[in-house]
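As a plain string of letters, each chain reads:
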Amino acid sequence: MFIPKEPGTLVSAMEDLIDEERDAALGNGGLGRLAACYVDSLASCDLPGWGYGLRYNYGMFQQRIVDGYQTEVPDYWLNSGNPWELPRVDKTYNVRFFGGLHDEKDPETGKVKRVWDGGQVVQAAAYDVPIPGYDTTTMGNIRLWSSRPNSSFDLSSFNEGNYNQAVEEKKSAENITSILYPNDNHMVGKELRLKQEYFLVAATLQDIIYRFKKGKKPWCEFPNQVAIQLNDTHPTLAIPELQRILVDEECLEWDEAWDIVTRTFAFTNHTVLPEALERWPVDLVKHLLPRHMEIIYAINLFFLQKVEKQFPGDRDLLVQVSAIEEGSPQCLRMASLAVIGSHTVNGVAALHSHLIRTTLFQHFIRYYGEEKFTNVTNGISPRRWLHQANPNLSQLISSKLGGIEWIKDMEKLRALNDLATDKEFQEAWMDVKLHNKMRLAGYIKNNLGIEVSPDALFDIQVKRIHEYKRQFMNILSVIHRYHELKAMEPSELDEATPRVVIFGGKAAPGYYIAKLVIKLISSVSAKVNSDCSIKNKLKVVFLPDYNVSLAEVIIPASDISQHISTAGTEASGTSNMKFVLNGGLILGTVDGANIEIGEEIGKDNIFFFGVLAQDVEDLRHHNRMGKSAMVSSLCAVVQSVREGEYGTPGVFAPLLDTLTIGTDYYLVSVDFDAYIEKQREIEELYKDKSCWAAKSIRCTANMAKFSSDRSIREYAERIWNIEPCPLAATPEAILND
Ligand code: NTF
């Protein structure tokens, strides 16, 4: 399977082979990576659960930086094969799109039923990626579907005249799982994307039902045997699909079927950003999935009738909770359908769950009450994000705790608190950090030719580039710091804490403003890094092609990481947890899981700044009214960019214009002074090595809550009603399923 880079070269070490392994980059950012940690935890906690997804031929694009700009290169990750997958020739299902509807009378019962036929039928073929649990025989599984022409498709049977059409049909089938849409927290309303969503759902439900039927139990037992968690709204079509199968194919009565559906599904919401909420034009859904649209209309009608009964005459409430948004075009609100078809809805951090209760789903609460809405704070796998990514720290911890039990029970890490002020331990701890920083410095030198000192404060922001995550605010603060350093007397400059500011992350290819942010970072990097007058007190690095493999090198090397989204916009964040688990301190806003991290590790060990979520709407309103002026610290920075300090004036105008009064939707100006003040505080504190080391140790010591084992057990106990069963989920079980 392994193909050497140069013909004739041999693999000299296992490490070389490991370096050749490609990331299965089948998701965009935190959403997919969270699911990966959850499958790891399911297996490690002996819980009988699987992940389902699509086997894209082209995953997330590779990012190259050319002349400071992002360019995208297709990621054909399967080029050299994928040794971790098992093609399951025996597991294929047909999936229909388009087609027509008619009524048919059952000759025996006389019952009329709806028949969906014709259209395009493609085949879903399963590929299994077994996920071994840690220290258990339990094996998890990720079943990925690949699309291909269905079995009745036979090229040779086509005569010359139909050849072109035959090839087109083959291409159309293969297209479905060809490419991942590279948008994070942003919906694209393309037919192919909707096809992908239904393809996943249709194949997965057939697979689940096949397994259920082997047990020969009645349908009413289905919700006791099966729990399906919708990972955001992308698989929401599973709700009408299960209803369709039960009513049209299994001939259950509507109400009985709906009871089964709503006891089977639960829904996790992962964002409140309006542009990320899926809204599909009804006409598009109707064209692609005519029967599903009928069923959705019926689900919605019956639901609205119940609401009307409880709140007679409350038209506004009906408008708010309807799964159909009237307008042109009429749209299907996927989040509403997901709420209506699920027994439980959860957010992914305490603040986020509070926000969905009080904003996004506030109207549903009036009807359902509070109980249906809950919180499960996200988590990360200690196996990957400490033990694998940071082997030296893992070893140091195990040597002090007298074993590696912490890897399955992060509560055990709390014992490190007693060592936080132990000088010897502090030194060993900071030695590991230094080693990790040297590794990253080496990577930067080798790949970018930029020299950075591992003694400098490593200040890192790596995540998808998005306005709400405010990498723009970060780079503006870097310019501010650069100006300060340039204005310093030599003696003052000597005292300044040297800092390396590291950025990484991909912008969606069509996200113009995000791409300009990358260009600005690159331009600032070029200017600052070559300015000898500031005596290496500031370096700026943009690391291209941020992905999971690179994250494993970057995260263990941070002194500070930044999670600075406008309050209320980041549902949770999970890289914040990864950095802190590796003894990195956080500079962050009072947002997402930052808040709970602060509660766990203590307010003294985290640097919070900025406005609170509850004040954001008022501040935005204030902005729109043109009532607030840009703070002077920011004005000076913006002016320098406008005047061409970082390249041709005009290049950054559209980016800078997002800050002008009346806009600044993400409140950069409002938070800017508090932000630079916190950075100053951090630079001062970093001079006290012992105090810093104690904080770093306390970070790792108090992260138990953020183990994905804890999250997944909450889902198991509170939502799925399942228990560990070590013997049920063995490798044989996967092959037999
Ligand atoms: C993301 N949501 C959120 O933006 C992150 O804050 C969160 O950590 C992850 O989910 C995992 O919960 C999405 O990607 C999506 F799809 F909802 F927009």
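All figures in this text were calculated on a predicted structure; none of them were measured in a lab.

On a plain count of helices and strands, the chain comes out with 29 helices and 21 strands. Taken over the C-alpha trace, the chain has a radius of gyration of 27 Å; the compact-globule value for 737 residues is 27 Å, and the two agree within 12%. Here the analysis covers contacts within the chain between residues at least 6 apart in sequence; of these, 75% occur between residues at least 24 apart. Accessible surface, the chain: about 30900 Å² in total, of which carbon and sulfur atoms supply 53%. Put simply, the chain has 77 plus and 98 minus side-chain charges, and the middle of one group is 1 Å from the middle of the other.

A word on a nonpolar patch on the surface. A cluster of nonpolar side chains, contributed by Met14, Leu17 and Ile18, occupies part of the molecular surface with about 290 Å² of accessible area. By secondary structure assignment, the location of Leu17 is in helix α1 (residues 14–20). Assessed through its relative accessible area of 31%, Leu17 is described here as partly exposed.

A word on the packing of aromatic side chains. Enumeration over the complete set of coordinates arrives at 25 aromatic pairs. Ring geometry for Phe212 versus Trp219: centroids 5.2 Å apart, planes at 35°, classification tilted. By the burial criterion, Phe212 is buried, and Trp219 matches it. Aromatic side chains Phe364 and Tyr368 sit 6.4 Å apart centroid to centroid with 15° between the ring planes, which places their arrangement in the stacked category. Within this pair, Phe364 and its partner Tyr368 are both found in helix α13 (residues 362–368), separated by four residues, close to a single helical turn. The partly exposed category is assigned to Tyr368, whose relative accessible area is 21%.

This part covers the pairing of strand β5 (residues 100–105). A regular strand places its side chains so that they alternate between the two faces of the sheet. Of the strand pairs in this sheet, β5 and strand β6 (residues 112–117) are connected by six bridges, and their pairing is antiparallel. Within β6, the residue paired with His102 across the bridge is Val115.

Averaged over all residues, the pLDDT of the chain is 95; the fraction at 70 or higher stands at 96%. Under the prediction, the complex receives an ipTM of 1.00, its pTM being 0.97.

Across the sheet, which stays open at both edges, the six strands sit in the order β18-β17-β16-β19-β20-β21 with parallel pairing between neighbours. Every interior strand has two partners, whereas the edge strands, β18 (538–543) and β21 (606–609), have only one. Between one strand axis and the next, the sheet turns through 20° on average, direction left out of account. Sheet topology places strand β20 (residues 585–589) next to β21; four bridges connect them, and they run parallel. Within β21, the residue paired with Thr589 across the bridge is Phe609.

With antiparallel pairing, the three strands of this open sheet are ordered in space as β11-β13-β12. Of all strands in the sheet, those bounded by a partner on one side alone are β11 (279–281) and β12 (324–325). Summarising the sheet, β11 and strand β13 (residues 331–333) pair through three bridges and their orientation is antiparallel. Looking across to β13, one finds that Pro281 is bridged to Cys331.

Attention shifts here to the site of the ligand. What surrounds the ligand is a group of 16 residues, the closest being Asn185, His270, Asn378, Glu570 and Gly573. Between the ligand and Ser572 there is a distance of 3.1 Å, counted from an oxygen atom to a backbone nitrogen or oxygen. Between Gly573 and the ligand, the recorded distance is 2.8 Å, taken from a backbone N or O atom to an oxygen atom. Look at the ligand: alone it shows 410 Å² of surface, and the protein chains cover 95% of it.

Right, let's talk about the pattern of salt bridges for a bit. Applying the stated criterion across every chain, the model contains 49 salt bridges. Here Lys170 ties to Glu174 by a salt bridge, and the two come within 2.8 Å at their closest N and O atoms. Within this pair, Lys170 and its partner Glu174 are both found in helix α3 (residues 163–175), separated by four residues, close to a single helical turn. The closest approach of N and O atoms between Asp531 and Lys486, which form a salt bridge, is 2.6 Å. With a gap of 45 residues between them, Asp531 in the loop between α19 (512–529) and β18 and Lys486 in helix α17 (residues 471–486) connect regions that are remote in the sequence. According to the relative accessible area criterion, Asp531 is buried, its value standing at 14%.

For Thr236, the location among the structural elements is in the loop between β9 (228–231) and α6 (238–249). For Thr236, a relative accessible area of 0% gives the class buried. A distance of 2.6 Å separates a polar side-chain atom of Thr236 from the backbone oxygen of Thr233. Those residues in contact with Thr236, other than ones at most four positions away along the chain, are Leu230, Met334, Leu337 and Ala338.

Moving on, we come to the environment of Leu581. Of note, Leu581 is situated in helix α21 (residues 575–581). On the basis of relative accessible area, Leu581 is assigned to the buried category, the value being 0%. Discounting residues that sit within four places of it in the chain, Leu581 has contacts with Ile380, Pro382, Trp385, Leu386, Leu393, Met410, Leu413, Thr700 and Met703.

Looking now at α19. For α19, spanning 18 residues, the distance from its first C-alpha to its last is 26 Å, which sits close to the expected 26 Å at 1.5 Å a residue. Summarising burial for α19: 14 of the 18 residues are buried, a large majority.

Residues Asp422, Glu424, Glu427 and Asp431 make up a contiguous surface patch of negative charge. On the secondary structure map, Asp422 appears in the loop between α15 (391–401) and α16 (423–448).

Attention now moves to the packing of α16 against helix α27 (residues 689–701). One way to put it is that α16 packs onto α27 with a least axis distance of 10 Å and a crossing angle of 75°. It follows from the interaxial angle that α16 and α27 lie roughly perpendicular. Every residue of α27 that contacts α16 at Lys423, Phe425, Gln426, Trp429 and Met430 is listed here: Ser690, Trp692, Ala693, Ala694, Ser696, Ile697 and Thr700. Each residue belonging to the contact of α16 with α27 can be placed in one class, and the counts come to seven nonpolar, four polar and one charged.

So, about the state of the cysteines. Throughout the structure, instances matching the rule amount to zero disulfides. Looking at the unpaired Cys691, the closest cysteine sulfur is the one in Cys699, lying at 11 Å.

Counting through the fold element by element, Met473 comes out in helix α17. For Met473, a relative accessible area of 0% corresponds to the buried category. Distance in space between the C-alpha atoms of Met473 and Asp545 is 21 Å, their sequence separation being 72 residues. Non-local contacts of Met473, meaning those with residues more than four positions away in its chain, are made with Ile564, Phe609, Val668, Asp671, Phe672 and Tyr675.

Let us look at the environment of Lys537. Within the fold, Lys537 resides in the loop between α19 and β18. On a C-alpha basis, the gap between Lys537 and Gln62 in space is 31 Å, while along the polypeptide they are 475 residues apart. Not counting residues within four places of it along the chain, the set of residues in contact with Lys537 comprises Leu485, Leu493, Asp494, Ala496, Thr497, Pro498 and Arg499. There is a polar contact of 3.2 Å between the side chain of Lys537 and the backbone oxygen of Asp494. Within the structure, Lys537 has its side chain in polar contact with the backbone oxygen of Ala496 (distance 2.9 Å).

Here is what the cut-offs are and how they apply
Residue positions are given per chain, counting from 1 as you read along its sequence in written order. Local features in a predicted model are, by the rule used here, given only for residues with pLDDT of at least 70; side-chain atom pairs are given and counted only at 80 or more, and totals for whole chains, interfaces and linings are based on all residues. The side-chain figures draw on all heavy atoms in the structure; neither hydrogens nor water molecules are used. Think of it this way: any DSSP run of H or I at least four residues long counts as a helix, any run of E at least two long counts as a strand, and we number them from the N terminus. The quantity called the radius of gyration is restricted to C-alpha atoms. Its globule counterpart is 2.2 Å times the number of residues to the power 0.38. By the convention used here, residues are in contact when the closest approach between their heavy atoms is within 4.5 Å. For accessible areas, the Shrake-Rupley method is used with a probe of radius 1.4 Å. Any residue's cover is judged against the shown protein chains and nothing else. We score Asp and Glu as negative and Lys and Arg as positive, and we do not count His or the chain ends. Where a charge sits is defined by one atom per residue type, namely NZ (Lys), CZ (Arg), CG (Asp) or CD (Glu). A residue counts toward a patch only above 30% relative accessible area and without a salt bridge, and it is joined to like-charged neighbours within 9 Å or, for Val, Leu, Ile, Met, Phe, Trp and Tyr, to nonpolar neighbours within 5 Å. Salt bridges are identified by distance alone: a Lys or Arg side-chain nitrogen within 4 Å of an Asp or Glu carboxyl oxygen. For the exposure calls, accessible area comes from a 1.4 Å probe over protein chains only, and a residue counts as buried if that area is under 20% of its type's maximum, exposed if over 50%, partly exposed in between. Classification of ring pairs rests on two measures: the distance between centres of Phe, Tyr or Trp rings, Trp counted by its six-membered ring, which must be within 6.5 Å, and the angle between planes, read as stacked under 30 degrees, edge-to-face over 60 and tilted in between. DSSP-based pairing: two strands are paired if at least 2 bridges between them are found. Per residue, pLDDT captures the predictor's confidence, and it can take any value from 0 to 100. Between N-to-C directions, angles span 0 to 180 degrees; the directions come from axes that are lines fitted to C-alpha atoms, helices contributing only their stretch in contact. For this description, a residue counts as near a given molecule or strand if any of its non-hydrogen atoms is within 4 Å of it. Nitrogen and oxygen atoms within 3.5 Å of one another constitute a polar contact, given that in protein one can donate a hydrogen and the other can accept it, and given that sequence-neighbouring residues count only through two side-chain atoms. Multiplying one less than the number of residues by 1.5 Å gives the expected span of a helix. Note that the term roughly parallel is reserved for angles under 35 degrees, roughly antiparallel for angles over 145, roughly perpendicular for angles of 65 to 115, and oblique for everything else. Put simply, Ala, Val, Leu, Ile, Met, Phe, Trp, Tyr, Cys and Pro go in the nonpolar bin, Asp, Glu, Lys and Arg in the charged bin, and everything else, Gly too, in the polar bin. Criterion for a disulfide: a pair of cysteine sulfur atoms at a distance within 2.5 Å.

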